[in-house]
Amino acid sequence: MRKILIVGAGQSGLQLALGLQSRGYEVTLMSNRTADEIRSGRVMSTQCMFDTALQHERDLGLDFWESQAPRIEGLGVSVAGPDSGRLIDWVGKLDGYAQSVDQRVKMAGWMETFAQRGGQLVIHGAAVGDLDYFSRSYDLVLVAAGKGELVSMFGRDASRSPYSEPQRALAVAYVHGLGPRPEHPDFDAVRCNIVPGVGELFVMPTLTTGGRADILFWEGVPGGPLDAFQGVKDPAEHLSLTLELMEKFTPWEYARATKVELTDAGGTLAGRYAPTVRNPIGRLPGGGLVLGVADVVVANDPITGQGSNSASKCAAAYLAAIVEHGEKPFDEEWMRGAFDRYWQTAQHVTKWTNAMLAPPPEHVLNLLGAAGQLQPIADRFANGFNDPSDFENFFFDPEKTNAYLASLTGN
Ligand SMILES: Cc1cc2nc3c(=O)[nH]c(=O)nc-3n(C[C@H](O)[C@H](O)[C@H](O)COP(=O)(O)OP(=O)(O)OC[C@H]3O[C@@H](n4cnc5c(N)ncnc54)[C@H](O)[C@@H]3O)c2cc1C
């Protein structure tokens, strides 16, 4: 049976490892942390995943937490006005629900499952030199190590990477005790609050190590008032800063957050990175080739909540490409083809996410405004998070936006 090495036990590496394992491949998974270290460590993401990405997990029987995780049935957008009120405020309904399962829960659980099913789990932080050595014993080496140092093997694709600097400063806090959304307490939703020129606050329910919780996630324009978390090491201080900024910029969200407390000592995260698309094939010093997976090759800003979704889609695309290839060698041509298959979906995510990082043009503001009056627009926008290719039809090009609006209003 074919031997495959996967470096990195995150969404993409584990999903692919478990998928290949179930097809009878001999898989070695290398992780720089044990399951217990992941479970008791720091949060890594907000990991809201939409229906298509969740379906890839269901297809592999990996939806272990589906019945426990809150069902996110809508996606709301608010735009703050100058007086701290809301210029725009609506909620779109998702056709299929989304869910967020804390990666500490999911990755630790999946890693244990992989080992219980007989997978070879190696706890080791791999360096390029290790891969050079190991690559000789495997038919295929996949690097699914996220945005860490191993990305240095994969050259930046400048034609697909419009930004060379981080576009947002990220600050996440997992909390208990958040009140319900006042406008629709009957169903859970992700709330995206846009503060023009300043940043965005995302609020969403999740399933964490201690059960149901909510996430408060600031995305701040670098150098602006939300870019205030660098150097804040104390989780309690991180939470008070989060709340202080909510009171100032999104008082309607602050109103339901006055009684929150952190879920645990690892419940905060701050950082930033430049969105980057890379050449998917890495060449090892000894001449061997490795294929990059998910964030290694396409790392988008989390403003659109797509990275875990894309990691799931990448793992699904690569799994199909590996299985279809049978016993043939995993050469450069195959690697390019596997990535191109993933890029079919990732290109839309990248284009839309990079557009959302820029100040919205007038036709987009009109569209967001109209969604407050016309529910079909709100619903379509919300479902675009599940399938961002739809934004090509009504979001980027002012003519298409206007034609879409006219088709609904008859003007
Ligand atoms: C603040 C924030 C919020 C986000 N919110 C969302 C969201 O709501 N929805 C969404 O879809 N996405 C979101 N994302 C993005 C999402 O978390 C990532 O895109 C996704 O986890 C990428 O999966 P991956 O498998 O490529 O890498 P990762 O999940 O990063 O996994 C990589 C793994 O490899 C390990 N590793 C690293 N280096 C080595 C090494 N040398 N040797 C061995 N192991 C190694 C790491 O420890 C890690 O476990 C968010 C990201 C951030 C930072």
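Preceding block: the structure.
What you see is a predicted model; the values in this text were computed from it and never measured.

**Digging into the overall build of the chain**
For step 1, the next point in the chain: On a plain count of helices and strands, the chain comes out with 12 helices and 17 strands.
For step 2, the next point in the chain: The globule rule puts the C-alpha radius of gyration for 411 residues at 22 Å, and the 21 Å found for the chain is close to it.
For step 3, the next point in the chain: Summarising its shape, the C-alpha atoms of the chain cover approximately 65 × 50 × 40 Å along the three principal directions.
For step 4, the next point in the chain: When the 411 residues of the chain are sorted by exposure, 56% land in the buried category.
For step 5, the next point in the chain: In the chain, the proportion of contacts linking residues at least 24 apart, taken out of those at least 6 apart, comes to 76%.

**Structural notes on the packing of helix α3 (residues 51–59) against helix α8 (residues 307–324)**
For step 1, the next point in the chain: The contact between α3 and α8 brings their axes to 9 Å, and the two run at 45°. Relative to α8, the element α3 is oriented oblique. Once α3 is placed against α8, the crossing between them reads as left-handed. Facing α3, whose interface residues are Thr52, Ala53 and His56, α8 presents Asn309, Ser312, Lys313 and Ala316.
For step 2, the next point in the chain: Residue composition of the contact of α3 with α8, by class: 2 nonpolar, 4 polar and 1 charged.

**What about the nonpolar core?**
For step 1, the next point in the chain: Ile6, Leu20, Leu142, Tyr318, Ile322 and Trp334 are the most contacted members of the largest nonpolar core, which totals 65 residues.
For step 2, the next point in the chain: With 8 residues, the single largest contributor to this core is α8.
For step 3, the next point in the chain: When near neighbours in sequence (up to four residues on either side) are disregarded, leucine 20 contacts Ile4, Ile6, Tyr25, Val27, Leu319 and Ile322.
For step 4, the next point in the chain: Counting 43 residues, the second-largest nonpolar core is a separate cluster that includes Phe50, Ile72, Leu170 and Leu357.

**So, the pattern of salt bridges**
Once their charged atoms are close, side chains differing in charge can pair, the charge on each being opposite to the other.
For step 1, the next point in the chain: Tallied over the full model, the rule gives 22 salt bridges.
For step 2, the next point in the chain: Two residues, glutamate 66 and arginine 58, come together in a salt bridge whose shortest N-O distance is 3.1 Å.
For step 3, the next point in the chain: We note a salt bridge from arginine 168 to glutamate 200, for which the minimum N-O separation is 2.9 Å. With a gap of 32 residues between them, arginine 168 in the loop between β7 (140–143) and β8 (169–176) and glutamate 200 in strand β10 (residues 199–208) connect regions that are remote in the sequence. For the pair arginine 168 and glutamate 200, one class covers both residues: buried.
For step 4, the next point in the chain: Overlapping salt bridges, with partners in common, bring together Arg86, Asp89, Arg191, Glu253 and Arg256 in one network.

**Thoughts on the site of the ligand**
For step 1, the next point in the chain: Lining the immediate environment of the ligand, one finds 33 residues, of which Ser12, Asn32, Ser45, Thr46 and Ser308 sit closest.
For step 2, the next point in the chain: Serine 45 places a polar side-chain atom, nitrogen or oxygen, 2.7 Å from an oxygen atom of the ligand.
For step 3, the next point in the chain: Here a nitrogen atom of the ligand sits 2.9 Å away from a polar atom, N or O, in the main chain of alanine 126.
For step 4, the next point in the chain: Burial of the ligand by the surrounding chains reaches 90%, relative to a free accessible area of 1,000 Å².
For step 5, the next point in the chain: Of all elements in the fold, only α1 (11–22), β2 (26–31) and α8 reach the threshold of two or more residues within the shell around the ligand.

Calculation rules
Residues numbered from 1 in each chain as written. Predicted model: local features only at pLDDT ≥ 70, side-chain atom pairs only at ≥ 80, totals over all residues. Heavy atoms only, no water. Helix = DSSP H or I, 4+ residues; strand = E, 2+ residues; numbered from the N terminus. Rg over C-alpha atoms; globule rule 2.2 N^0.38 Å. Buried < 20%, exposed > 50% of the residue type's maximum accessible area, 1.4 Å probe, protein only. Contact = heavy atoms within 4.5 Å. Axes fitted to C-alpha atoms, helices over the stretch in contact; angles between N-to-C directions. Parallel < 35°, antiparallel > 145°, perpendicular 65-115°, else oblique. Left-handed = near helix turned anticlockwise from the far one by under 90°. Nonpolar A, V, L, I, M, F, W, Y, C, P; charged D, E, K, R; others polar. Core = buried A, V, L, I, M, F, W, Y, C linked by side-chain atoms within 4.5 Å. Salt bridge = Lys/Arg side-chain N within 4 Å of Asp/Glu carboxyl O. Near = heavy atom within 4 Å. Polar contact = N/O pair within 3.5 Å; in protein donor to acceptor, adjacent residues only side chain to side chain. Areas by Shrake-Rupley, 256 points an atom, 1.4 Å probe, with all protein chains shown as cover.

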